There are 2 protein chains.
Amino acid sequence: MPNTPNRKAQILQTAATLFRERGYQAASMRDIATAMHIEAASLYHHIKSKEEILEIICFDMAEQFIAAIAEVNDIYFNAEEKLRMAILNHVKLITQNQERSAVFLHEWRSLPAAALNEFLVLRNQYESGFNQIVKEGIEEDIFDSIEPKFAVLSILSSVNWINEWYKPDGKMSPGEIAKNISDFILGGLRKKLVTDPGYQP
Amino acid sequence: MPNTPNRKAQILQTAATLFRERGYQAASMRDIATAMHIEAASLYHHIKSKEEILEIICFDMAEQFIAAIAEVNDIYFNAEEKLRMAILNHVKLITQNQERSAVFLHEWRSLPAAALNEFLVLRNQYESGFNQIVKEGIEEDIFDSIEPKFAVLSILSSVNWINEWYKPDGKMSPGEIAKNISDFILGGLRKKLVTDPGYQP
DNA sequence: CATGTTCCCTAACAATTGTTAGACAAATAT
DNA sequence: ATATTTGTCTAACAATTGTTAGGGAACATG
């Protein structure tokens, strides 16, 4: 087991799994070490501190999420397509790394004050990406003129909740999940009075 | 400060506030005691253990949420009215006690195994209440025939997210928040092709 | 006045926490 | 073969954790 390449990456992944299961505070360095069949002291040849582990995970995921929304906003689509793409990317990121995503979504609260401020800026930046799409849709007159903040918060809370119930061996693929959520968010729950034009790519 | 009535209730409220801010594990008995201008040992004349505090808060809130949805489902309305009432009750419960609600929503993970199982049953019971409403709406043909589980999870994640940004001194009342969310969930984001019939009470 | 109850205190405990120092073995480079 | 780097170990540290024991002041009740 020792001497494998990317020992640091293994620590990060093990830590993410335990942080997700028990929370950052409740998962001890000894827990992480034991899960790797190692002593706690050995971890410190690869990482500086427990807090560093949390910071690396949080900021690495933040980068990925931001890159995903930036990509969507760069390529020109209409607002509906953009929103569907943004949701799809988000679902993919979450389902492809549930453990690290969970840390990004929930455990950032435990970041030390300085890192926390920096993190919140990035998080805000990501939310702004969605905000921009919704506002665009309203301006283009293809979205109802709803309060954008409400829409964005509803959208993000819906997609983030996926991480609580998604199991990689389930019946639905990330693409199908994204389509369902997008349909629901775009179409709403109430029955329409005319045939829904649906989504034309 | 001592000798006031309901000392136990004060402990529960103080604990809930700290549990919400820092998480159950990170908030120590000494933190709670200090916040009350008391020594940690003094807490044990009112409560049995730290875990008991968590249990009381979680189960008390669970009871209130279940009572709220049961009431809605008892009184006969059509499905849309039921859903709006359920969302309104939920928003009211959250905004009227943000601290305890936050513990109910997030900190239950730290419950000891036995209590945790019991808790999950109650939580499921609450979700079933919403599930029933959505299924009713589909049967009555006033909701689109969407996967009910998806709708319920989207609805609940949206309303639960309120707790992250709601401030009692904000511009929106709980009633207005509930109406906005209900409209969004029922109506969806995409522009309709005919005049929206809206909500007729 | 005496008695009991309520509430809080100081002091201490055993356990667990993140972390460091220093040694030893294996692999790699010279 | 020798030297160096890499990865782990044992042992220990200071701090913090939840909790208990025992005592004392304030108060109400008899």
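About the cut-offs
Residues numbered from 1 in each chain as written. Chains lettered and ligands numbered in written order. Predicted model: local features only at pLDDT ≥ 70, side-chain atom pairs only at ≥ 80, totals over all residues. Heavy atoms only, no water. Domains from an automatic or database assignment. Buried area = accessible area lost by both parts, 1.4 Å probe. Salt bridge = Lys/Arg side-chain N within 4 Å of Asp/Glu carboxyl O. Polar contact = N/O pair within 3.5 Å; in protein donor to acceptor, adjacent residues only side chain to side chain. Helix = DSSP H or I, 4+ residues; strand = E, 2+ residues; numbered from the N terminus. Nonpolar A, V, L, I, M, F, W, Y, C, P; charged D, E, K, R; others polar. Contact = heavy atoms within 4.5 Å. Near = heavy atom within 4 Å. Buried < 20%, exposed > 50% of the residue type's maximum accessible area, 1.4 Å probe, protein only. Phe/Tyr/Trp six-rings, centres within 6.5 Å; stacked < 30°, edge-to-face > 60°. Lys NZ or Arg CZ within 6 Å of the ring centre and 35° of its normal.

(A) Geometry of the domain arrangement of chain A. Residue and element names in this part refer to chain A. Taken domain by domain, chain A consists of domain 1 (1–47) and domain 2 (49–189). The distance between the C-alpha centroids of domain 1 and domain 2 comes to 27 Å. For the domain 1 and domain 2 pair, buried surface summed over both sides reaches about 1500 Å², with 65% attributable to carbon and sulfur atoms. When residues of domain 1 are sorted by the area they lose upon contact with domain 2, L12, R20 and Y24 head the list and together hold 44% of the total. Remark: the boundary between domain 1 and domain 2 carries 0 salt bridges. Taken together, domain 1 and domain 2 are joined by 7 residue pairs in polar contact (both at pLDDT 80 or more). Looking at the side of domain 1 that touches domain 2, the element that brings in the most residues is helix α1 (residues 7–22), giving 9 residues. Partitioned by chemical class, the residues of the side of domain 1 that touches domain 2 number 11 nonpolar, 5 polar and 2 charged.

(B) Up close: the side chain of S158 of chain A. Within the secondary structure, S158 of chain A sits in helix α7 (residues 148–165). Once you skip the residues sitting within four places of it in the chain, S158 of chain A turns out to touch I181 of chain A together with S154, S157 and S158 of chain B.

(C) Up close: the protein's contact with DNA strand C. In the vicinity of DNA strand C lie 18 residues, with Y44 of chain A together with R7, E39, S42 and H45 of chain B positioned nearest. Among the atoms of DNA strand C close to the protein, meaning within 4 Å, 53% are from sugar or phosphate groups. The backbone of E39 of chain B places a nitrogen or oxygen atom 2.5 Å from a phosphate oxygen of DNA strand C. Broken down by class, the residue content of the surface near DNA strand C amounts to 7 nonpolar, 6 polar and 5 charged.

(D) Local environment of unusual backbone geometry. One non-glycine residue, D141 of chain A, lies in the positive phi region at around 65 degrees. Mapped onto the secondary structure, D141 of chain A falls in the loop between α6 (113–139) and α7. At H37 of chain B, a position not held by glycine, the phi torsion is positive, near 60 degrees. Within the secondary structure, H37 of chain B sits in the loop between α2 (29–35) and α3 (50–74). Residue H37 of chain B is classed as exposed on the basis of its relative accessible area, which comes to 68%.

(E) Main features of the protein's contact with DNA strand D. Taken together, 18 residues lie around DNA strand D, and R7, E39 and H45 of chain A together with Y44 and K50 of chain B are the ones closest in. Of what DNA strand D places within 4 Å of the protein, 52% of the atoms are sugar or phosphate. Among the residues forming the surface near DNA strand D, the class breakdown is 7 nonpolar, 6 polar and 5 charged.

(F) Spatial organisation of the packing of aromatic side chains. In this structure the tally under the stated criterion is 16 aromatic pairs over all chains. Residues F19 of chain A and Y24 of chain A carry aromatic rings whose centres are separated by 5.0 Å and whose planes lie at 70 degrees to one another, so their mutual orientation is edge-to-face. Summarising the burial analysis for this pair, F19 of chain A and Y24 of chain A share the class buried. Considering the side-chain rings of F65 of chain B and Y126 of chain B, the 5.4 Å spacing of their centres and the 65 degrees angle between planes classify their relative orientation as edge-to-face. On the criterion of sequence distance, the pair formed by F65 of chain B in helix α3 and Y126 of chain B in helix α6 (residues 113–139) is long-range, its members being 61 residues apart. Accessibility expressed as a relative area gives 1% for F65 of chain B, which makes it buried. Using a relative accessible area of 6% as the deciding quantity, one classes Y126 of chain B as buried. Geometry around W108 of chain A places R109 of chain A over its ring, the cationic atom sitting 5.9 Å from the centre.

(G) Summary view of the pattern of salt bridges. All names here are of chain A. A complete count under the given rule lists 14 salt bridges over all chains for this structure. Ionic pairing is found between R22 and D31, a salt bridge with its closest N-O pair at 3.0 Å. The residue D60 makes a salt bridge to R100 at a minimum N-O spacing of 3.9 Å. Here D60 is found in helix α3 (residues 50–74), whereas its partner R100 is found in helix α5 (residues 98–106), with 40 residues between them in sequence. A relative accessible area of 27% means that D60 is categorised as partly exposed.

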